[in-house]
Amino acid sequence: MKKTPLAFIGAGNMARSLIGGLIADGWDPASISVSDPDPDQLAAVGRLFGTRSAKDNTSAVEQSELVVLAVKPQVMHDVACELAATVQARHPLVISIAAGICSNDLERWLGGNCALVRCMPNTPALVQSGATALFANSAASDDQKALAESILRAVGLTLWIEDESLLDAVTALSGSGPAYFFLVIEALQEAGQSLGLDDKTARLLAVQTAFGAAKMALESRDDAATLRQKVTSPGGTTEKALAVLEEGGLRTLFNDALKAARDRSRELAKQFGEKS
Ligand SMILES: NC(=O)C1=CN([C@@H]2O[C@H](COP(=O)(O)OP(=O)(O)OC[C@H]3O[C@@H](n4cnc5c(N)ncnc54)[C@H](OP(=O)(O)O)[C@@H]3O)[C@@H](O)[C@H]2O)C=CC1
Ligand SMILES: O=C(O)[C@@H]1CCC=N1
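Residues numbered from 1 in each chain as written. Chains lettered and ligands numbered in written order. Predicted model: local features only at pLDDT ≥ 70, side-chain atom pairs only at ≥ 80, totals over all residues. Heavy atoms only, no water.

Some remarks on the site of ligand 1
To be explicit about the condition: To be near a molecule or strand, a residue needs just one of its heavy atoms within 4 Å of it. The term polar contact refers here to a pair of N or O atoms within 3.5 Å; inside protein, the definition further demands a hydrogen-donor-capable atom paired with an acceptor-capable atom, and it admits residues adjacent in sequence only when both atoms are side-chain atoms. Methods summary: accessible areas were calculated by the Shrake-Rupley approach with a probe of 1.4 Å, and residue burial reflects only the protein chains presented. Detection works on a 1 Å grid of protein atoms alone, calling trapped sets that fit a 1.4 Å probe cavities and calling open sets with protein on both sides within 12 Å along at least five of seven lines pockets, with lining residues defined by an atom within 4 Å of a point. More than half of a molecule's atoms within 2 Å of the grid points is what it takes for that molecule to sit in a cavity or pocket. By definition, any uninterrupted DSSP run of H or I lasting at least four residues is a helix, any uninterrupted run of E lasting at least two residues is a strand, and each is numbered from the N terminus. When residue character is reported, Ala, Val, Leu, Ile, Met, Phe, Trp, Tyr, Cys and Pro are called nonpolar, Asp, Glu, Lys and Arg charged, and the others, Gly included, polar.
Taken together, 23 residues lie around ligand 1, and Met14, Asp36, Gln41, Val71 and Lys72 are the ones closest in. Within the side chain of Asn57, an N or O atom sits 3.0 Å from a nitrogen atom of ligand 1. Between ligand 1 and the protein, one listed contact pairs an oxygen atom with a backbone N or O atom of Val71 at 2.6 Å. Protein contacts shield 75% of the accessible area of ligand 1, which totals 880 Å² for the unbound molecule. When each cavity is represented as a set of grid points, ligand 1 is found to reside in the second largest pocket. When residues of the shell around ligand 1 are traced back to their parent elements, those giving at least two are helix H1 (13-24) and helix H4 (73-90). Broken down by element, the residue count for the shell around ligand 1 peaks at three residues, all from H4. Here the residues of the shell around ligand 1 are counted per class, giving 14 nonpolar, six polar and three charged.

Here it is as structure tokens:
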């Protein structure tokens, strides 16, 4: 069992996905301290995973070598400033998962000279199928980078990026991405129902088809375009459906959607990152 003392600040959706994935990978729940201002939220996470509930953010960090900041960008300034004295006294590795908030702003709020890894995971971490891009600041040692990577690798794929500004694009693609696929599953299910399938049948067929397509894309030597062509018999049914999607501008829509998410990530950095 892995027992590195670990703190999660914030017990919301993404923290739960990461905690669930870590425990499924063999982390000792008793080595994970969680803090959140909502006692009900905190108790629910404790019941679900067997983690320790800290009485406040500072006491969670006081017990930990590694701190995951899992709060919304809007509250990150206040949370980091509150933790600065403890972080400066103990020098844990700090991992932020917040969209938009830049490492230099976070480091300043934490009192400066602080080993920091900023990353963008996604909720499939809960089922150990997450995708996370990581960026380390210059104060993070190789051992600390390896520690951060080991945490995120326990819940899925990891990759490092050298250019922090690309995390805005990562957020748009894989951070928000599960929601796009869930929307597609919803839409396929509804369309199947409108063609006469019952809701359970439509749901199962939509979900299993998404799973099968993703598994093939991951495991095959063929790229997605080739796999798509192999489904598309000349003069057949798929060709007709794909023509409707292309004519409807699906590629442009995704391009515009990702740009909107990328721009929102940049705005969050400006809106909430400029505080001193
Ligand atoms: N959801 C996702 O798919 C992903 C989210 N992220 C990032 O993860 C972070 C969290 O997102 P998400 O989990 O969705 O958000 P949630 O709102 O679900 O979780 C945030 C949690 O932090 C709590 N909180 C608020 N103020 C404080 C505080 N002062 N100290 C400690 N905890 C506090 C909130 O409590 P309360 O609800 O009472 O305010 C809430 O439980 C965000 O920065 C987001 O950008 C990154 C990748 C993917
Ligand atoms: O929607 C959001 O802002 C967060 C970041 C990526 C996924 N959820």
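Observations concerning a nonpolar patch on the surface
The test is simple: For patch detection, residues must exceed 30% relative accessible area and be free of salt bridges, and they are connected within 9 Å for like charges or within 5 Å for nonpolar side chains (Val, Leu, Ile, Met, Phe, Trp, Tyr). Think of a salt bridge as a Lys or Arg side-chain nitrogen and an Asp or Glu carboxyl oxygen that are within 4 Å of each other. Residue exposure (1.4 Å probe, protein chains only): buried if accessible area is under 20% of the type maximum, exposed if over 50%, otherwise partly exposed.
A cluster of nonpolar side chains, namely Val184, Leu188, Leu245, Leu250 and Phe254, defines an oily patch on the protein surface of about 400 Å² accessible area. Contributing elements (two or more residues each) for the nonpolar patch: helix H8 (177-194) and helix H12 (250-273). Following the sequence through the fold, Leu245 ends up in helix H11 (residues 237-247). By relative accessible area, Leu245 is classed as partly exposed at 44%.

With respect to the site of ligand 2
Around ligand 2, the neighbouring residues are Ala99, Gly175 and Ser176. Here ligand 2 loses 44% of its free accessible area of 250 Å² to cover by the protein chains. Mapping ligand 2 onto the cavity grids shows that it belongs to the second largest pocket.

Here we look at the layout of surface pockets
Remark: the empty space left among the atoms is shown by a probe the size of a water molecule rolled over them. Going by this rule: Grid points are joined across faces, edges and corners, and a volume is the space filled by probe spheres set on the points.
Quantified by volume, the second largest pocket comes out at close to 850 Å³. For the second largest pocket, the lining is made up of 34 residues, of which Met14, Ala70, Val71, Lys72 and Pro73 are closest to its centre. Among the secondary structure elements, those contributing two or more residues to the lining of the second largest pocket are H1, H4, helix H7 (167-175), H8 and H12. Split into classes, the residues belonging to the lining of the second largest pocket amount to 18 nonpolar, twelve polar and four charged.

A look at the UniProt feature "domain: Pyrroline-5-carboxylate reductase dimerisation" (unreviewed entry) in the protein
What counts here: UniProt positions are given in the numbering used here, feature names are shortened, and annotations may be inferred rather than shown by experiment.
Here the UniProt feature "domain: Pyrroline-5-carboxylate reductase dimerisation" (unreviewed entry) sits at residues 164-268. In residues 164-268, helix accounts for 82% and strand for 0%; the two terminal C-alpha atoms are 15 Å from one another.

Overview of empty space enclosed by the protein
For the structure on display, the rule yields one cavity of 30 Å³ or more. In this model, the largest cavity occupies a volume close to 40 Å³. Taken together, Phe8, Leu18, Val68, Ile95, Ile97, Cys119, Ile151 and Leu152 form the lining of the largest cavity. For the lining of the largest cavity, the class distribution of residues is eight nonpolar, no polar and no charged.

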